[in-house]
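Here are the chains, one letter per residue:
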Amino acid sequence: MNAASSAAPALNLASALADCRQLLPDRPERAAEKAREVLAGAPECAEAYRLLGTALRLLGDDDGATEAELSAISASVRDPELISAASALVDNDLPLAESILRPVLKRRPTDVAAIRMMAELAARIGRLGDAENLLRRALELAPAFTAARANLATVLYKQQRPAEALEELDRITAQGESDLAHSSLRAAAVGRLGGHEEAIALYRQVLERHPGDPRIWMSVGHNLRTLGRVDEAIAAYRKGAELRPEFGEIWWSLANLKTFRFSDREVDAMRQALAHEGLTPENEVHLNFALGKAMEDRAQWAKSFAHYETANRERRTALDYDPGEIERQVDRSISVLTPEFFAERKGFGCPSPDPIFIVGLPRAGSTLVEQILSSHPKVEGTTEHPDIPMISRRLAGAEGEKGTRRYPAFLESLTADQCRALGEEYLQRIAPQRVTDRPFFIDKLPNNWAFLGLIKLILPNAKIVDARRHPLACGFSNFKQHFARGQPFTYDLSDIGNYYRQYVRMMRHIDEVLPGWVTRIVNEDLVADPEGEIRRLVASLGLEWDDACLAHHETRRPIRTPSAEQVRQPINASGTEQWRHYEPWLGPLADALGDTVADWRR
């Protein structure tokens, strides 16, 4: 057979598919017939199935369209190119996967299997918005593509949009295709929305069918801990650690209880796990953080610091963090956010007085301040909301795009109507997290200090509390804390010192241009004079006094942060000076802080 004759079938197939596409807009019934003719001779032709599905949707035959769309997906995943792309994704060779998928999608822009793979690639590199758009396109083309819908639910959850994730999971359940992974994600989303009891029940249902999964035991522990059921949380964590001793995150979950103390047997188990052949870097980091806490509790300061230092070094190496960016952002903010800037925009934004923002550094006492205020009958403690930084990133544009303007430059072009809409959008985003009818709520994301200019424009009547702690105490407390996400500056002592210095510099500027807007609560002062500082705090927010604020440790509410167990106890000075045991090793932190060490209070 010569080359011309061997190419003829492919040429005829391409021609037939082209005819089918041409028929679709005006003659979908004929397009469907043409697609079926192609499939009679080429039953594995994914494009013919896709065209048949489109034609049947146009004809109102949704059941037939769904069947054709799913057949197209089944045929696509047997495509050699997509098999290669899938293999690259499994190997985490993202450049290779992208080099395969882009040409495929250029030739076949409606190939939903390829679109889903590209969405997975986007999600892995942190471009969750792009992943969401791709998955929505895939579902537009194939509404019954359950795997894509599950991926969309996951992406929405990772973007801190649990209510929307639940909507997608409900659609999967309605299709009768829910599985264990979907149930686990549902439990996580329900917990994120404050339904911790329901989340625990859902996780336990999963455990009935999958009792050997340490991650599920860990998730149960997290929800129990949030509810203050510490003994049950410890039991759940220990069960997971028994199942997989090299699973470092579950050991860190125990250490992160702060009031928990490891037994000698558990310390030995962690050391053995650290020597486990094939231990992943992530597990090694978690184990070192946990062992640092175990040695700290045994007053073995040098060994403790060595574990903390190893954990932080490994974590910092894996991060793409530029410590100079926060200084540049503060420089830009000081330049843009002048008294004249705010005077010209008086009256901008949504006038709601509901939000109380507690800002500062992590581990500075903000959870204690939140617990105190949440004990007031008019204030609801919710959680740390990522919405202000997310709004800022969206307004600035995706990094690297032409015309990108970093914060706060884009604030200058916002109109009064836009600022009001943004304030209303923020409140709508928070609404699912508010479960009481109390008039005020707390957003405790510490990083919001860097976006106070945006907050003032879109929510001018919001109240700000700056929770502050001695820089060496706060800095070291961050260094020994492994954060799940969002705090990349905490894995190097010099980075921490620089970050703290920029935070103080920014807050001083805000005090100058918006005098009286911020209430500052110093942790050491709160410990020394609890009633005096609490009364001052309550009065500064315009709230009438309530004795419940003094009995804050008796308030029962879900708390997700590392200080959960500590703030459920009366205020005490037990951890105030703990950093001094590590002072011989904190030189890089002190050097980076510079003069801030001496005048950090103002």
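Note that the structure is a prediction, hence the values are computed from the model and not measured. (Residues numbered from 1 in each chain as written. Predicted model: local features only at pLDDT ≥ 70, side-chain atom pairs only at ≥ 80, totals over all residues. Heavy atoms only, no water.)

**Comments concerning the overall build of the protein**
Spelled out, the test is: Where helices and strands are cited, they refer to DSSP runs of H or I of at least four residues and of E of at least two residues respectively, numbered from the N terminus. This radius of gyration counts C-alpha atoms alone. The globule rule is 2.2 Å times how many residues there are, raised to the power 0.38. Relative accessibility decides the category of a residue: with a 1.4 Å probe and only protein chains considered, values under 20% of the type maximum give buried, values over 50% give exposed, and everything between is partly exposed. Two residues form a contact once any of their heavy atoms are found within 4.5 Å. The protein chains shown are the only cover counted for residues, whose accessible areas, like all others here, come from Shrake-Rupley with a 1.4 Å probe. In this tally, Lys and Arg are treated as positive and Asp and Glu as negative; His is ignored, and so are the chain termini. Here the site of a charge means atom NZ of a Lys, CZ of an Arg, CG of an Asp or CD of a Glu.
Helices and strands together make up the secondary structure of the protein, namely 30 helices and five strands. Its C-alpha radius of gyration of 28 Å places the protein within 12% of the 25 Å reference for a compact globule of 602 residues. Once the C-alpha set of the protein is aligned to its principal axes, its extents read approximately 90 × 65 × 45 Å. With 602 residues in all, the protein has 52% of them scored as buried. Taking contacts inside the protein between residues at least 6 apart in sequence as the whole, the part at least 24 apart equals 69%. In the form shown here, the protein has an accessible surface area of approximately 26800 Å², with 51% of it arising from carbon and sulfur atoms. Across the protein, the centroid of the 76 positively charged side chains sits 1 Å from that of the 87 negatively charged ones.

**Observations regarding the confidence of the model for the protein**
We count it as follows: As a per-residue measure, pLDDT tells how confident the predictor is, with possible values from 0 to 100.
Here the protein averages 90 in pLDDT, while 94% of its residues score no lower than 70. Across residues 1-8, where pLDDT falls below 50, the model places one contact with residues more than four positions away in sequence or in other chains. In the model, residues 398-403 has pLDDT below 50 throughout and makes three contacts with residues more than four positions away in sequence or in other chains.

**Some details on the sheet that holds strand S4 (residues 463-468)**
As a reminder of what qualifies: Pairing between strands is defined by DSSP: at least two bridges between the two strands are required. For helices, the axis comes from a line fit to the C-alpha atoms of the stretch in contact; other axes are also lines fit to C-alpha atoms, and the angle between any two N-to-C directions lies between 0 and 180 degrees.
Taken together, the five strands give an open sheet; going across it, the order is S2-S3-S1-S4-S5, and neighbouring strands pair in parallel fashion. One side of each edge strand has no neighbouring strand; the edge strands of this open sheet are strand S2 (379-383) and strand S5 (518-522). Pairs of neighbouring strands in the sheet enclose a mean axial angle of 25 degrees, with direction left out of account. Direction of pairing for S2 relative to strand S3 (residues 440-443): parallel, over a ladder of four bridges. Residue pairing in the sheet places glutamate 380 in a bridge with phenylalanine 441 of S3. Packing of helix H26 (residues 493-513) onto the sheet brings it into contact with strand S1 (355-360), S4 and S5, and relative to S4 it is tilted by some 145 degrees. Where helix H28 (residues 530-540) meets the sheet, it contacts S4 and S5, and its direction lies at approximately 165 degrees from that of S5.

**Details of the pattern of salt bridges**
For clarity, the threshold we go by: A pairing counts as a salt bridge when a side-chain nitrogen of Lys or Arg comes within 4 Å of a carboxyl oxygen of Asp or Glu.
Going through the model one piece at a time under the given rule, you end up with 50 salt bridges. Residue arginine 229 pairs with glutamate 197 through a salt bridge whose shortest N-O separation is 3.1 Å. On the criterion of sequence distance, the pair formed by arginine 229 in the loop between helix H13 (214-226) and helix H14 (230-243) and glutamate 197 in helix H12 (residues 196-209) is long-range, its members being 32 residues apart. Residue glutamate 425 pairs with arginine 429 through a salt bridge whose shortest N-O separation is 3.0 Å.

**Some words on the side chain of lysine 456**
Here lysine 456 is to be found in helix H24 (residues 452-458). When residues no more than four places from it in sequence are discounted, the contact partners of lysine 456 are Phe342, Leu514 and Trp517.

**Re the nonpolar core**
In a soluble, globular protein the nonpolar side chains are often hidden away together inside. Note the cut-off: In this description, a nonpolar core means a group of buried Ala, Val, Leu, Ile, Met, Phe, Trp, Tyr and Cys residues linked to one another through side-chain atoms lying within 4.5 Å.
Within the largest apolar cluster, 147 residues are counted, with the highest numbers of intra-cluster contacts made by Trp251, Phe262, Met270, Phe357, Leu411, Tyr426 and Trp449. Here the element with the most residues in this core is H26; it accounts for ten residues. Setting aside residues no more than four positions away along its own chain, tryptophan 449 makes contact with Ile326, Val330, Val359, Gly360, Tyr499, Gln502, Tyr503, Met506 and Met507. Counting residues in hydrophobic clusters, the runner-up holds 20 residues, among them Leu23, Leu39, Leu52 and Ala68.

**With respect to the packing of H13 against helix H15 (residues 248-255)**
Applied cut-off: Oblique is the label for any angle not under 35 degrees, not over 145, and not in the 65 to 115 range, which are roughly parallel, roughly antiparallel and roughly perpendicular in turn. Crossing handedness follows the turn of the near helix against the far one: under a right angle anticlockwise gives a left-handed crossing, and clockwise gives a right-handed one.
Running from amino to carboxyl end, H13 crosses H15 at an angle of 20 degrees, the nearest separation of the two axes being 10 Å. Comparing their axes, H15 and H13 come out roughly parallel. Crossing of H13 against H15: the hand is left-handed. Residues Pro214, Arg215, Met218 and His222 of H13 form the contact with H15, whose participating residues are Glu249, Ile250 and Ser253.

**Observations concerning the environment of tryptophan 579**
Mapped onto the secondary structure, tryptophan 579 falls in the loop between helix H29 (564-567) and helix H30 (587-593). Once the C-alpha coordinates of tryptophan 579 and cysteine 474 are considered, the two residues, 105 residues apart in sequence, prove to be 8.5 Å apart. In this structure, tryptophan 579 is in contact with His470, Leu472, Ala473, Phe476 and Leu586, ignoring residues within four places of it in sequence.

**So, H13**
To be explicit about the condition: Under the convention used throughout, the expected extent of a helix is 1.5 Å for every residue step, that is, one less than its residue count. Side-chain atoms alone can form a polar contact between residues adjacent in sequence; in general such a contact is a pair of N or O atoms within 3.5 Å, and within protein one must be able to donate a hydrogen while the other accepts it.
With 13 residues, H13 ought to run about 18 Å at 1.5 Å a step, and its terminal C-alpha atoms sit 18 Å apart, in line with that. With eleven of 13 residues buried, H13 is to be regarded as a mostly interior element. A distance of 2.9 Å separates the backbone nitrogen of arginine 215 from a side-chain oxygen at the start of H13, and that oxygen is part of aspartate 213.

**Focus: the side chain of lysine 258**
Residue placement: lysine 258 occurs in the loop between H15 and helix H16 (264-274). Buried charge without a partner: lysine 258 forms no salt bridge, and the closest opposite charge is glutamate 296, 7.8 Å away. Side-chain polar atoms of lysine 258 contact the side chain of glutamine 481, separated by 2.6 Å.

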